[in-house]
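# Architecture and fold: a report
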Amino acid sequence: MAVPSEVVETFQREGVVVLRGVFGGWTERLAAGVARLRAAPSALERSYRPADGSAPFFQDFCNWQRIAEFRAFVLESPAAALAAALMGSSTARFFHDHVLIKEPGSSVVTPWHQDAPYYCVAGSQSVSFWTPLDPVGREVALECIAGSHRWSESGFRPVRFDGSPLFPGADFADLPDLEARRADLPVRSWALEPGDAVAFDFRTVHGAPANASLRPRRVFSHRWVGDDARFVAQRAHGSPPFPHLELADGAPFEAPECPVVWRG
Ligand SMILES: O=C(O)CCC(=O)C(=O)O
């Protein structure tokens, strides 16, 4: 799929870009896969149930090998070629999938965070596609801070969405209080239709509001890495966990469940 150079430039400069209609032919199949996943979640399922009794925020990871619709999407959709173009990479390696469903009325706010410090992979080439399967208004949509992929070399402390630290005792800088400075920040968010996606770098700071709307907010997120991806052994038990990988720290990131899907 040809990606206009201004789209690539925006992604590189801002660490986030909106892509309209790129996965249009895939929405129904992905939704069928999500229904199948809901019926049989994996051992990695982690859903947040708000203390106020409002609807849950369902999450599950790494199901593309067992859910046929997800597998077809990873291997056959334009995602891999798009990923390579945005990353400026000659290859696109699939990292993992993540389903995130905020049920109508769920009060769970996804706090500001970067994904990179959660992952056992590092490198300058990465992209996550937040791909909604329902129409989402801006009041429900993902929010990304433009340029924040260049804020920190070492990354900010990863915490679970309930506020608990992912790597207790690890030496990370805390993310500043961004809510207090929101009005001064270049926050990007868009109303989206199924088939659209927001593409962002693993280092881009992002979050999402509660779902005060009357419909579910089903999202299929798929994450990709490029030529310079390296294994970070210290984070093999991160989120998602890849505890079985026996790569040396800093080795090229290669795993059977993370195939190179696209080569230029
Ligand atoms: O969908 C959300 O609420 C959060 C999404 C997110 O953090 C991600 O895709 O990395």
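Here we summarise the structure given alongside this text. Owing to the predicted nature of the structure, the values given are computational and were not obtained by experimental measurement.

Rules behind the numbers
Residues numbered from 1 in each chain as written. Predicted model: local features only at pLDDT ≥ 70, side-chain atom pairs only at ≥ 80, totals over all residues. Heavy atoms only, no water. 1 Å grid on protein atoms, 1.4 Å probe; cavity = no way out; pocket = protein on both sides within 12 Å on 5 of 7 lines; lining within 4 Å. Points joined across faces, edges and corners; volume = space filled by probe spheres on them. Helix = DSSP H or I, 4+ residues; strand = E, 2+ residues; numbered from the N terminus. Nonpolar A, V, L, I, M, F, W, Y, C, P; charged D, E, K, R; others polar. Phe/Tyr/Trp six-rings, centres within 6.5 Å; stacked < 30°, edge-to-face > 60°. Buried < 20%, exposed > 50% of the residue type's maximum accessible area, 1.4 Å probe, protein only. Polar contact = N/O pair within 3.5 Å; in protein donor to acceptor, adjacent residues only side chain to side chain. Near = heavy atom within 4 Å. Areas by Shrake-Rupley, 256 points an atom, 1.4 Å probe, with all protein chains shown as cover. Salt bridge = Lys/Arg side-chain N within 4 Å of Asp/Glu carboxyl O. Pairing = 2+ DSSP bridges. Axes fitted to C-alpha atoms, helices over the stretch in contact; angles between N-to-C directions. Contact = heavy atoms within 4.5 Å.

### Brief notes about the layout of surface pockets
- Estimates place the volume of the largest pocket at around 450 Å³.
- Gln-59, Phe-61, His-98, Phe-161 and Ser-239 are, among the 32 residues lining the largest pocket, the residues nearest its centre.
- Counting only elements with at least two residues in the lining of the largest pocket, the list comes to strand S2 (57-61), strand S3 (91-102), strand S4 (110-113), strand S6 (126-132), strand S10 (206-208) and strand S11 (217-225).
- Looking at the lining of the largest pocket residue by residue, the classes come out as 15 nonpolar, eleven polar and six charged.
- Space inside the second largest pocket adds up to approximately 350 Å³.
- Surrounding the second largest pocket, 20 residues form its lining, Ala-116, Ala-122, Gly-123, Glu-153 and Arg-203 being those nearest its centre.
- The class makeup of the residues in the lining of the second largest pocket is seven nonpolar, nine polar and four charged.

### Let's talk about the packing of aromatic side chains
- For the coordinates displayed, the defined rule picks out 15 aromatic pairs.
- Here the aromatic rings of Phe-73 and Phe-220 are separated by 5.5 Å at their centres, their planes lie at 80°, and the arrangement is edge-to-face. Of this pair, Phe-73 sits in helix H3 (residues 68-76) while Phe-220 sits in strand S11; the two residues are 147 residues apart in sequence, bridging distant segments of the chain.
- For Phe-73, a relative accessible area of 0% corresponds to the buried category.
- Taking the relative accessible area as the measure of exposure, Phe-220 reaches 0% and is therefore buried.

### Concerning the side chain of Asp-134
- Within the secondary structure layout, Asp-134 lies in the loop between S6 and strand S7 (143-145).
- Side chain to side chain, Asp-134 and Arg-218 meet in a polar contact 2.8 Å long.

### Focus: the site of the ligand
- Near the ligand lie 15 residues; those nearest to it are Thr-110, Asp-115, Trp-130, Arg-217 and Arg-223.
- Within the side chain of Trp-130, a nitrogen or oxygen atom sits 2.9 Å from an oxygen atom of the ligand.
- Between the ligand and the protein, one listed contact pairs an oxygen atom with a side-chain N or O atom of Arg-223 at 2.9 Å.
- Across the complex, the protein chains shield 99% of the 290 Å² of accessible surface that the ligand would expose by itself.
- Counting residues per element, the ones that place at least two in the shell around the ligand are S3, S4, S10 and S11.

### A closer look at the pattern of salt bridges
- Applying the stated criterion across every chain, the model contains nine salt bridges.
- Its salt-bridge partner being Arg-188, residue Glu-14 comes within 2.8 Å of it at the nearest N-O pair. Separated by 174 residues along the polypeptide, Glu-14 in helix H1 (residues 5-14) and Arg-188 in strand S8 (residues 187-188) bring together distant segments of the chain.
- Glu-14 gets classed as buried once you look at its relative accessible area, which sits at 16%.
- As a salt-bridge pair, Arg-20 and Asp-196 come within 2.9 Å of each other at their nearest N and O atoms. Of this pair, Arg-20 sits in the loop between strand S1 (16-19) and helix H2 (27-39) while Asp-196 sits in the loop between S8 and strand S9 (197-200), placing them 176 residues apart in sequence.

### Digging into the pairing of S6
- Where burial is concerned, most of S6 is hidden: seven out of the seven residues are buried.
- Neither face of S6 is exposed, since Ser-126, Ser-128, Trp-130 and Pro-132 on one face and Val-127, Phe-129 and Thr-131 on the opposite face are all buried.
- Bridge count for S6 against S11 is seven bridges, and the pairing is antiparallel. What sits directly across from Ser-126, in S11, is Val-225.
- Relative to S9, S6 is paired through three bridges, and the arrangement is antiparallel. Bridge pairing in S9 places Ser-128 opposite Phe-200.

### Focus: the sheet that holds S10
- Strands sit in the order S4-S10-S7-S8 across an open sheet of four strands; the sheet is antiparallel. The sheet is open, and its two edges are formed by S4 and S8, each paired on a single side.
- Sheet analysis places S7 next to S10, joined by two bridges and oriented antiparallel. Residue pairing across strands places Glu-143 opposite Gly-207, the latter belonging to S10.

### Quick word on the packing of H1 against helix H4 (residues 79-87)
- Taken N-terminus to C-terminus, the directions of H1 and H4 make an angle of 65°; their axes are 8 Å apart at the nearest point. When H1 is examined against H4, the residues Val-7, Val-8, Phe-11 and Gln-12 are found in contact with a partner set consisting of Ala-85, Leu-86 and Met-87.
- Per-class residue counts for the contact of H1 with H4 are six nonpolar, one polar and no charged.

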